[in-house]
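# Report on the structure
One-letter residues, chain by chain:
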Amino acid sequence: MAELDFEKLTMDPAAQELLKKAQAEGVETIFDRAKAMKPCPIGIEGACCRICAQGPCRVPPPKKKEGETGEEKKQRMGLCGATAETIVARNFARMVAAGTASHSDHARGVAKLFIEVANGRTQGYQIKDVAKLRRVAQDWDVAITVGEGDDAKSRPAADIAKELGPKVLAEFGQQEGEINYVRRAPKKRQEIWRKHGVVPRGVDIEVVELMHRTHMGVDQDYHNLIKQSTRCALADGWSGSMISTDLQDIMFGCPVPIAGEINLGVLKEDHVNVVVHGHEPLLPEMLFVASQEPEMIQYAQNKGAKGIQLAGMCCTANEVLMRHGVPVAGNYLHQELAIITGALDALVVDVQCVMQSLANVAKCYHTKIITTDDRAMMEGAAMHIPFDDHHALDVARQVLRAAIDNFPNRRSPVLIPSDKSPTVVGFSSETIQYLLGGSIRGTYYTLNDNVINGRIRGVAGVVGCNNCRTAQDTSHMVLIKELIKNDVIVLSTGCSAMAAGKYGLLTPEAAKYCGPGLAEICETVGIPPVLHMGACVDNSRILIAATACVKAGGLGTDISDLPAAGAAPEWMSEKAIAIGQYFVTSGVYTLFGVTFPTTGSEIFTDYLFKGIEEEYGGKWDFEADPAVMAKKMIAHIDSKRKALGIDKARERVLMDMEMRRQMADAAAGEEH
Ligand code: NFS
Ligand code: SF4
């Protein structure tokens, strides 16, 4: 194994410590493989087509900047004549389709569970948030009262849920019309989508049509292809993902502020350590319940452990953290490292972002990899215990018992890094409304007011993955710190939110990193400058929050008017591309880091970076340097402030604050 330069691979001291252990023990990780295998230079630009067996066809970029002859252009075609534009747009479209499919298949499972819960056919689940059930039901035209006029009474929750469930599930197979939540968007946004013919009809149909149109010899006009990519991505953000968030909140509880801890230091040497990893919170909800049962704890004690430490990883972690305060063991690049601690008794996985190398790493330690979803099996996993909603609690108990049984099998030296940070999470759009809303002039009023007066310069969504091609967490941290230093409040989800947590940015004390305006808000309201809004499906919460800002007034009439921007500085998954596309076409300037998958076609990339803005008011951008990325986002925020005519207010308020500070300093000086 080649030597690794740990500091360059990750800024996380816990990860560095465990990578050293892995090297000493001869255990290979993604970091070793990334060093040994460089990405394909043509594939990285999206310019390789392998959708038929005449290829793969590679379309390299033009050799000359200008004056390319027809003959030269022809050489840059696939065998069938597909141009760089078509090939790149098709590859991009397929990423959108896969990302949308992932979020939506998750959502479908949630909707099916919801129906079972409504009918009382499950074990362990219930309708926890009746208030949210009633709000969501109204959005689906499901009655929440019975009787007329003065006799009207509240309708029982189970009755509402029984009618709501099938209505929501039907949206996946809906063939015509419009997805329901389009009406949640600002009016102007709805008009833009209708004008361009991109309002999704249903969830599944948009994925299927997009896959058809990217088949060999179908849609060969990049603009027409991106149009369907947009319709598909909007079905992700405004339907699939939004449905997951809503129904999960109803069943498991809408998040409210709660304390937690994050990083590998949450594992405990003398406890049975169980990490839940993946994306769907259905089974983890029951694992949480089972892990607290006295019989289960007794069972662990009988095997010589002090208790059971349940922790999360990736988006599953976000789900159980923000609802129950279950600690987080880490983000995406921590999954192999958790095993390398030698203290992980079971790694329980479901779907998405689960590396196949886990089985290999686990061979060197005692960790049992337990797969739990029939859609996601893994060769070499220790066992498969399938989730079953009718006996979910029993399944959870079975999983925990398997983990406990494995506790006495620990062998290699155990190393649990001491690193862990406290966090405050649970900022659903409802929580933000409660904390930064106003009772008189409508929701989100206080937030808007502070954006208008300039204490808050703007709002940034910083989301997405880790990517082993760039130092773990570094870009997230540089970007977020620069934003909050400039009074930009950050909304975060996914592995990015976990990165923020690891370095202390999810606590109100992080106000010390903020500019004076944002610091004042954080101190007055008692919130962190980075609001953890959940898993990646919960990016839908950011759409709702943005819409609420528009509706509260004073910041324009559409999402694209807001002084806001989005970024995924360390993205890697197809889901991130689907998310990016629905943010852009919902009106948000969205920047990605690391690499950009369309640079193989200048024309197509130009469209994403410029032309698309004329149609949707949002656009893509690529920036590998997180400090420059922050500058670009702030410049965009400032241009939106100027367009709204609120650029001067900020100068005034900051001057006021500076004056107040000087007065305070002077007063303090006199006292001494
Ligand atoms: Ni989002 Fe969450 Fe993480 Fe990326 Fe994967 S866990 S769904 S895809 S890697 S942020
Ligand atoms: Fe080559 Fe065309 Fe087949 Fe793609 S579809 S692999 S460009 S021949």
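Residues numbered from 1 in each chain as written. Chains lettered and ligands numbered in written order. Predicted model: local features only at pLDDT ≥ 70, side-chain atom pairs only at ≥ 80, totals over all residues. Heavy atoms only, no water.

## Thoughts on the site of ligand 2
Using the following cut-off: For this purpose, a residue is taken to be near a molecule or strand whenever a single non-hydrogen atom of the residue falls within 4 Å of it. Just so you know the grouping, Ala, Val, Leu, Ile, Met, Phe, Trp, Tyr, Cys and Pro go in nonpolar, Asp, Glu, Lys and Arg go in charged, and all remaining residues, Gly too, go in polar.
Neighbouring ligand 2 are the residues Cys49, Ile51, Cys52, Gln54, Gly55, Cys57, Gly78, Leu79, Cys80, Ala82, Arg90 and Met216. When grouped by side-chain class, the residues that make up the shell around ligand 2 number eight nonpolar, three polar and one charged.

## Here we look at the packing of aromatic side chains
Any two aromatic rings considered together are summarised by their centre-to-centre distance and by the angle between their planes. Note the threshold: Ring pairs are drawn from Phe, Tyr and Trp, using the six-membered ring of Trp, whenever the two centres fall within 6.5 Å, and their geometry is named by plane angle: stacked under 30 degrees, edge-to-face over 60, tilted for the rest. Only DSSP runs of H or I with at least four residues qualify as helices, and only runs of E with at least two residues qualify as strands; both kinds are numbered from the N terminus onward. Accessibility here uses a 1.4 Å probe with only protein chains present; expressed as a share of the type maximum, an area under 20% marks a residue as buried, one over 50% as exposed, and anything in between as partly exposed.
Evaluated as defined, the whole model comprises 13 aromatic pairs. Residues Trp193 and Trp238 carry aromatic rings whose centres are separated by 5.4 Å and whose planes lie at 70 degrees to one another, so their mutual orientation is edge-to-face. In this pair, Trp193 sits in helix α8 (residues 187-196) while Trp238 sits in helix α10 (residues 222-252), placing the two residues 45 residues apart along the sequence. Grouping residues by exposure puts Trp193 and Trp238 together as buried. Centroid distance Tyr222 to Tyr607: 6.1 Å. Interplanar angle 65 degrees. Geometry classified as edge-to-face. Of the two residues, Tyr222 is situated in helix α10 and Tyr607 in helix α24 (residues 602-616); the sequence distance between them amounts to 385 residues. Taken together, the ring pairs connect Phe92, Tyr222, Trp571, Phe592, Phe596, Phe604, Tyr607, Phe609, Trp620 and Phe622 into an aromatic cluster.

## So, the sheet that holds strand β16 (residues 564-568)
Rule in force here: Two strands form a pair only when DSSP identifies at least two bridges running between them. Every axis corresponds to a line fitted to the C-alpha atoms, with the helix fit spanning only the stretch in contact, and the corresponding angles, defined between N-to-C directions, vary from 0 to 180 degrees. A contact between two residues is defined here by any heavy atoms of the two lying within 4.5 Å.
Taking strand neighbours across the sheet as the criterion, the six strands line up as β15-β14-β13-β16-β17-β18 in an open arrangement whose pairing is parallel. Looking along the sheet, the strands with just one partner apiece sit at the ends: β15 (530-534) and β18 (620-622). On average, each strand axis in the sheet is tilted by 25 degrees relative to the strand beside it, whichever way the strands run. With four bridges joining them, strand β14 (residues 488-493) and β15 adopt parallel strand pairing. Across the sheet, the residue bridging to Ser492 is His532, located in β15. Contacts from helix α20 (residues 494-502) reach β13 (458-462), β14 and β15, with the element oriented near 120 degrees to β14. Sheet contacts for helix α23 (residues 574-584): β17 (589-592) and β18; angle to β17, the most-contacted strand, approximately 155 degrees.

## Details of the coordination of the nickel atom of ligand 1
To keep things clear, this is the line we draw: With water omitted from the atoms examined, metal sites may look incomplete; donors here are N, O and S atoms no farther than 2.8 Å from the metal, or 3.2 Å in the case of Na, K and Ca.
A lone protein donor contacts the nickel atom of ligand 1, and this donor is Cys536 (SG), found at 2.2 Å. Turning to its location among the elements, Cys536 is positioned in the loop between β15 and α22 (539-552).

## Let's talk about the site of ligand 1
Worth spelling out the cut-off: Domain limits in this description derive from either an automatic procedure or a database domain assignment.
Residues in close proximity to ligand 1 include His279, Cys314, Cys315, Tyr332, Cys353, Gly464, Cys465, Cys495, Cys536, Met572, Ser573 and Lys575, which together make up its full environment. Class assignment of the residues belonging to the shell around ligand 1 gives a composition of eight nonpolar, three polar and one charged. Taken domain by domain, the shell around ligand 1 gets at least three of its residues from each of domain 2 (264-409) and domain 3 (427-671).

## Quick look at helix α25 (residues 626-644)
Quick note on the threshold: What a helix is expected to span follows from its residue count: subtract one and scale by 1.5 Å. To obtain the arc, one takes the directions from the helix axis to the C-beta atoms.
Taking 1.5 Å per residue, 19 residues should reach 27 Å; α25 reaches 27 Å between its end C-alpha atoms and fits that length. Among the residues of α25, those classed as buried are Pro626, Met629, Ala630, Met633, Ile634, His636, Ile637, Lys640 and Arg641. The buried residues of α25 all sit within an arc of 160 degrees when viewed along its axis, so they share a single face. Residues of α25 that are exposed and point more than 90 degrees away from the buried face comprise Lys631, Lys642 and Ala643. Trailing α25 by a residue or two, Gly645 shows a phi angle of about 75 degrees, which is positive.

## Here we look at unusual backbone geometry
The omega torsion of the bond from Gly55 to Pro56 falls at -5 degrees, within 30 degrees of zero and hence cis. When you line up the elements, Pro56 lands in the loop between β1 (48-49) and β2 (57-58). Unlike most non-glycine residues, Asp473 shows phi in positive territory, near 75 degrees. Tracing the sequence through the fold places Asp473 in the loop between β13 and α19 (474-485). Unusually for a residue other than glycine, Val594 sits at a positive phi of about 65 degrees. Topologically, Val594 is positioned in the loop between β17 and α24. On the accessibility criterion, Val594 (17% relative accessible area) is buried.

## Focus on the domain arrangement of the protein chain
What counts is decided by this rule: Defined in terms of a 1.4 Å probe, buried area is the accessible area two parts forfeit on being brought together, summed over both. By definition here, a salt bridge exists when the distance from a side-chain nitrogen of Lys or Arg to a carboxyl oxygen of Asp or Glu is within 4 Å. Here a polar contact means two N or O atoms within 3.5 Å. Within protein one must be a hydrogen donor candidate and the other an acceptor candidate, and residues neighboring in sequence count only if both atoms are side-chain atoms.
Taken domain by domain, the protein chain comprises domain 1 (84-252), domain 2 (264-409) and domain 3 (427-671). Here the C-alpha centre of domain 3 lies 26 Å away from the C-alpha centre of domain 1. At the junction of the two partners, domain 1 supplies 40 residues and domain 3 supplies 38 residues. Interface area lost by domain 1 to domain 3 is led by Phe92, Met95 and Arg189, which between them contribute 18%. Across the domain 1-domain 3 interface, the total number found is four salt bridges. Between Asp558 and Arg189 there is a salt bridge whose closest N-O contact spans 2.7 Å. Our count for the contact surface shared by domain 1 and domain 3 stands at 17 residue pairs in polar contact (both at pLDDT 80 or more). For the side of domain 1 that touches domain 3, the secondary structure elements donating two or more residues are α5 (84-118), α6 (130-139), α8 and α10. The leading source of residues in the side of domain 1 that touches domain 3 is α10, at 15 residues.

## Topic: the pattern of salt bridges
Side chains carrying opposite charge are able to pair once their charged atoms draw close together. Applying the stated rule across the entire model yields 46 salt bridges. In this structure, the salt-bridge partner of Asp249 is Lys132, at a minimum N-O distance of 2.8 Å. Here Asp249, found in helix α10, pairs with Lys132, found in helix α6; they are 117 residues apart in sequence, far enough to count as distant. Taken as a pair, Asp249 and Lys132 share a single burial class, namely buried. Through salt bridges with shared partners, a single ionic network connects Lys132, Arg135, Asp139, Arg184, Asp246, Asp249, Glu319, Arg323, Glu430, Asp538 and Arg541.

## Thoughts on the environment of Pro166
Within the fold, Pro166 resides in helix α7 (residues 157-173). Once the C-alpha coordinates of Pro166 and Ile115 are considered, the two residues, 51 residues apart in sequence, prove to be 6.9 Å apart. If we ignore the near neighbours within four places in the chain, the residues touching Pro166 are Ile115 and Ala161.

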